[in-house]
There are 2 protein chains.
Amino acid sequence: MSHAVSPLAPKSYADMPVIEGVRMATAEAGIKYKNRTDVLLMAFDEPATVAGVFTRSKCPSAPVDFCRANLPHGKAKALIVNSGNANAFTGKKGKAATALTAQSAASTLGAADNEIYLASTGVIGEPLNADKIAAVLPDLATRLTGDFWFEAAKAIMTTDTYPKVATRSANIGDVTVTINGIAKGAGMIAPDMATMLSFVVTDAALPADVLQALLSKGVGPSFNSVTVDSDTSTSDTLMLFATGAAGKRGQSAVAEAGDPALADFASALDNLLLDLAHQVVCDGEGARKMVEVEVSGAVSDESAKRVALSIANSPLVKTAVAGEDANWGRVVMAVGKSGEPADRDLLEISFGDVRVAVEGERDPAYSEDAASAVMKKDKIPVRVKLGLGAGKATVWTCDLTKEYVEINGDYRS
Amino acid sequence: MSHAVSPLAPKSYADMPVIEGVRMATAEAGIKYKNRTDVLLMAFDEPATVAGVFTRSKCPSAPVDFCRANLPHGKAKALIVNSGNANAFTGKKGKAATALTAQSAASTLGAADNEIYLASTGVIGEPLNADKIAAVLPDLATRLTGDFWFEAAKAIMTTDTYPKVATRSANIGDVTVTINGIAKGAGMIAPDMATMLSFVVTDAALPADVLQALLSKGVGPSFNSVTVDSDTSTSDTLMLFATGAAGKRGQSAVAEAGDPALADFASALDNLLLDLAHQVVCDGEGARKMVEVEVSGAVSDESAKRVALSIANSPLVKTAVAGEDANWGRVVMAVGKSGEPADRDLLEISFGDVRVAVEGERDPAYSEDAASAVMKKDKIPVRVKLGLGAGKATVWTCDLTKEYVEINGDYRS
């Protein structure tokens, strides 16, 4: 299960500032992995407001059910995340495990059960031994610290080859607030919901419904626009917490997501979500290349996104990228199979700045050398113009390599 | 481009009988491949009736456009197939190439242009040099022979590792007729139309509209129920020709596909189509295992098929099969992501006769050894019961191996 760090890993990691009102600790609970941390406790000094988006899977994990049930309450005292076991498709045992973990956390921290949030990632179908989590919680509660984001990101990794962290700052009126986020991938990654686990915290003072509106809007062009393997997890969870500490520094109250005072914050949040989503793609299982698929000229934005995902999810496109082969015929195939409106004889395809096809045939000026040079890069831009309307979308994926097959042929063993 | 014969290849090939009224010849035209045949001429002594189903791609190849235009005429004097170049996304040049090939064939054989059918398979986007095909046609026309089915199947191969042939006989009234078919795969294989190239010929005397009804019905549970990689080709073509020779032997005329006299024929045809479709899956690029996904208890047959395809197209399910890993959690994931009605707590999953999950959790009697034993076989039955209704469907796929990635990383080179 040990794989080399992705060549697409960030050259350096963000320096993560402390956010007032939230503290963390991690532990080695031995749920599945040995000699590494696998439980994260994130605790809020005062109840934080909270928002979440979850997998659209019809077979969601027990923690997803648990979080969905608590979300209307809108307040969070703690988040507990474990790696190594997804607590998905675990039936009554799974529900008992979430209840036990939440009760342990609530009594340890002096909170109500519905102020606790849970996420689990790892193997599906194996009962989760929640006693192991409950056993480490009292000690974790004594070790909470604010300067711990990188360690927090490490504890939630599964097949990820690097921890994913990002930070932004923004102004709400005259007051500067901070947004920190962590995420984990690295397989079973497809849109139609948050995709994998990601937790974002800000010190802004914002009501839960405002957070939810911002998060639901922000997830579309970020986490819901990346795909590693078209497989949607049972456990996808993206949560946003606001400690409200900036209120004590004079941040004025904001009652609506559309308030102009939130424009800078919303932009910073969107940008942070996209940063984390890109980090997930760049750590896709076996990934050696990142592919940016930009579709324009569609009949609508929704149509453009479906065409873009048809390209990004095509095994033949992804293996061609892995082989550094400028096989644009497979892009034609993927456009054609999407089922979306397209006119073969208007289609234009470029790899980076190299136009390879135009008006339904190979570009008369096509140069195999120029196209191949693009394919040798780490990041491959694939641009498709449909020539039908003003709809556009961009999605990101990675190549499909032998390492993906290797990693996923023996994941459980 | 040379790969070992699939371990799932038939142990022996069918002995293909001669069908009265059709003769074939093949040639090495050097379109792309060297030292192998790449053009097939199939000629009908008298105009045959004809039916066809084609790719639903929005970017169909020039030969698909050409065949679609001729089909309403309902008569065929000849079929010309080439491998090595798909003549897809080739614009005006592609259309000129089909016109030139058809004119050459028509004048060589003394036929009308609209009695010619064409199919091309291979690389997309490269102009097809139809002069090379026209150059070999006159010689081919002098070498036509009826006992040539296996050679015909070989000439249309691309990445296939074995030729695909099948034969059946059936009674129409007191007269026995024969049905022969050939097919080629082996990547860019997904339902939503015939999938790859397949040509079926019978000596039965049947009108074109009857053939079309039988073929359109037969394609659903056969070619449209197999998937290698979820990628639908621009060139998928399945055609059925009837020479009518059995009419001279006393076969009575049949005017409707629903005529009870056709029951045995329709059954034999369906059976032959399924045989060829299975051969295509067993020669999926890099395939080492065949997977049969049977979904029952869905709210409708259509819903069952979408769930089955979600499982069969999941890279994580397919890599688990490649690794002989009984990772049924990924089957749960694929059911959940299908978007179709499903209730996690009613779900039952078996690998072969080994039930691995029941009522939303791992089977209490689960045995890793028993499940693993199933995964070591060549053919892996995956059975999913949704427990909601009477809808059912079966689809077939293969595993996703490193060889698939290897084959498709350098296909054009």
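Rules behind the numbers
- Residues numbered from 1 in each chain as written.
- Chains lettered and ligands numbered in written order.
- Predicted model: local features only at pLDDT ≥ 70, side-chain atom pairs only at ≥ 80, totals over all residues.
- Pairing = 2+ DSSP bridges.
- Helix = DSSP H or I, 4+ residues; strand = E, 2+ residues; numbered from the N terminus.
- Contact = placed C-beta atoms within 7 Å.
- Axes fitted to C-alpha atoms, helices over the stretch in contact; angles between N-to-C directions.
- Core = buried A, V, L, I, M, F, W, Y, C linked by C-beta atoms within 7 Å.
- Buried ≥ 20, exposed ≤ 12 C-beta atoms within 10 Å, placed from the backbone.
- Least-squares fit on C-alpha atoms with pLDDT ≥ 70 in both.
- Nonpolar A, V, L, I, M, F, W, Y, C, P; charged D, E, K, R; others polar.
- Parallel < 35°, antiparallel > 145°, perpendicular 65-115°, else oblique.
- Left-handed = near helix turned anticlockwise from the far one by under 90°.
- Domains from an automatic or database assignment.

Caption draft 1: Inspection of the sheet that holds strand 11 (residues 348-351) of chain A at higher detail. Residues and elements named next belong to chain A. Spatially, 8-15-10-14-11-12-13 is the arrangement adopted by the seven strands of the open sheet, whose pairing is mixed. The open sheet has two free edges, formed respectively by strand 8 (226-227) and strand 13 (361-362), since each of these has just one partner strand. When strand 10 (residues 290-298) meets strand 15 (residues 391-398), the two strands line up antiparallel, connected through seven bridges. Looking across to strand 15, one finds that Glu294 is bridged to Thr394. The strands touched by helix 8 (residues 301-312) within the sheet are strand 8, strand 10, strand 14 (379-385) and strand 15, with strand 15 carrying the most contacts at an inclination of about 25 degrees.

Caption draft 2: Local environment of the environment of A:Ser300. Residue and element names in this part refer to chain A. Take Ser300: it is sitting in the loop between strand 10 and helix 8. Each C-alpha atom of the pair Ser300 and Ala48 lies 38 Å from the other, and the pair is 252 residues apart in sequence. Excluding residues that lie within four positions of it along the chain, Ser300 makes contacts with Gly389 and Gly391.

Caption draft 3: Structural context of the nonpolar core. A:Leu41, A:Ala78, A:Ile311, B:Leu41 and B:Ala78 are the most contacted members of the largest nonpolar core, which totals 282 residues. For B:Ala78, the contacting residues outside a window of four places in its chain are B:Leu41, B:Met42, B:Ala43, B:Phe44, B:Ala105, B:Leu109, B:Ala111 and B:Ile116.

Caption draft 4: Examining the relation of the copies chain A and chain B more closely. With an RMSD of 0.0 Å, chain A superimposes on chain B once it is rotated by 180 degrees and translated 0.0 Å along the axis. Between the two chains, the operation in question is that of a two-fold axis. For chain A, the smallest separation between a C-alpha atom and the rotation axis is recorded for A:Lys402, amounting to 2.4 Å. Of the residues that chain A buries at the interface, 98% are likewise interface residues in chain B, meaning the two copies contact each other through the same surface.

Caption draft 5: Seen up close, the pairing of strand 12 (residues 354-358) of chain B. Residues and elements named next belong to chain B. Here strand 11 (residues 348-351) runs beside strand 12; their pairing, made up of three bridges, is antiparallel. What sits directly across from Phe351, in strand 12, is Val354. Count of turn residues in the strand 11/strand 12 antiparallel hairpin: two residues, of which Gly352 carries a positive phi of about 60 degrees. If you look at the hairpin formed by strand 12 and strand 13 (residues 361-362), you'll find two residues sitting between the two strands, and Glu359 has a positive phi there, around 50 degrees.

Caption draft 6: Highlighting the interface of chain A and chain B. With 55 residues of chain A at the contact, the number on the chain B side is 54 residues. Secondary structure elements with two or more residues in the side of chain A that touches chain B: helix 2 (91-109), helix 9 (315-322), helix 10 (329-337), strand 13 and helix 12 (402-409) of chain A. Among the elements that make up the side of chain A that touches chain B, the one with the highest residue count is helix 10 of chain A (six residues). Here the residues of the side of chain A that touches chain B sort into 20 nonpolar, 20 polar and 15 charged.

Caption draft 7: Spatial organisation of unusual backbone geometry. Residue and element names in this part refer to chain B. With a phi close to 60 degrees, Asn35 is a non-glycine residue in the positive phi region. Position of Asn35 relative to the elements: it lies in the loop between strand 1 (22-27) and strand 2 (39-54). With 6 C-beta atoms packed within 10 Å, Asn35 lands in the exposed category. For Glu324, which is not glycine, the phi torsion reads 55 degrees and is therefore positive. Here Glu324 shows up in the loop between helix 9 (315-322) and helix 10 (329-337). For Glu324, a count of 20 C-beta atoms within 10 Å corresponds to the buried category.

Caption draft 8: Layout of the pairing of strand 3 (residues 75-85) of chain A. All names here are of chain A. For strand 3, the tally of buried residues reaches ten of eleven residues, placing the bulk of the element in the interior. Two elements, strand 2 (residues 39-54) and strand 3, share seven bridges in a ladder whose sense is antiparallel. Residue Leu41 lies in a different strand from strand 3, and its bridge partner there is Ile80.

Caption draft 9: Structural view of the sheet that holds strand 11 of chain B. With respect to topology, seven strands assemble into an open sheet ordered 8-15-10-14-11-12-13 (chain B), the strand pairing being mixed. Of all the strands in the sheet, just strand 8 (226-227) and strand 13 of chain B have a single pairing partner and so form its edges.

Caption draft 10: Representation of the packing of helix 8 (residues 301-312) of chain B against helix 10 of chain B in the model. Residue and element names in this part refer to chain B. In contact at an axis separation of 8 Å, helix 8 and helix 10 are set at 135 degrees when each is read in the N-to-C sense. With respect to their mutual orientation, helix 8 and helix 10 come out oblique. For the pair helix 8 and helix 10, the sense of crossing is right-handed. Where helix 8 approaches helix 10, its residues Val307, Ser310 and Ile311 are matched on the opposing element by Val331, Ala334, Val335 and Lys337. Counted by class, the contact of helix 8 with helix 10 contains five nonpolar, one polar and one charged residues.

Caption draft 11: Spatial organisation of the domain arrangement of chain A. All names here are of chain A. With domains assigned, chain A is organised as domain 1 (22-282) and domain 2 (290-409). Computed from C-alpha coordinates alone, the two centres of domain 1 and domain 2 are separated by 33 Å. Only strand 8 and helix 7 (263-282) provide two or more residues apiece to the side of domain 1 that touches domain 2. Residue contributions to the side of domain 1 that touches domain 2 peak at three residues, all from helix 7.

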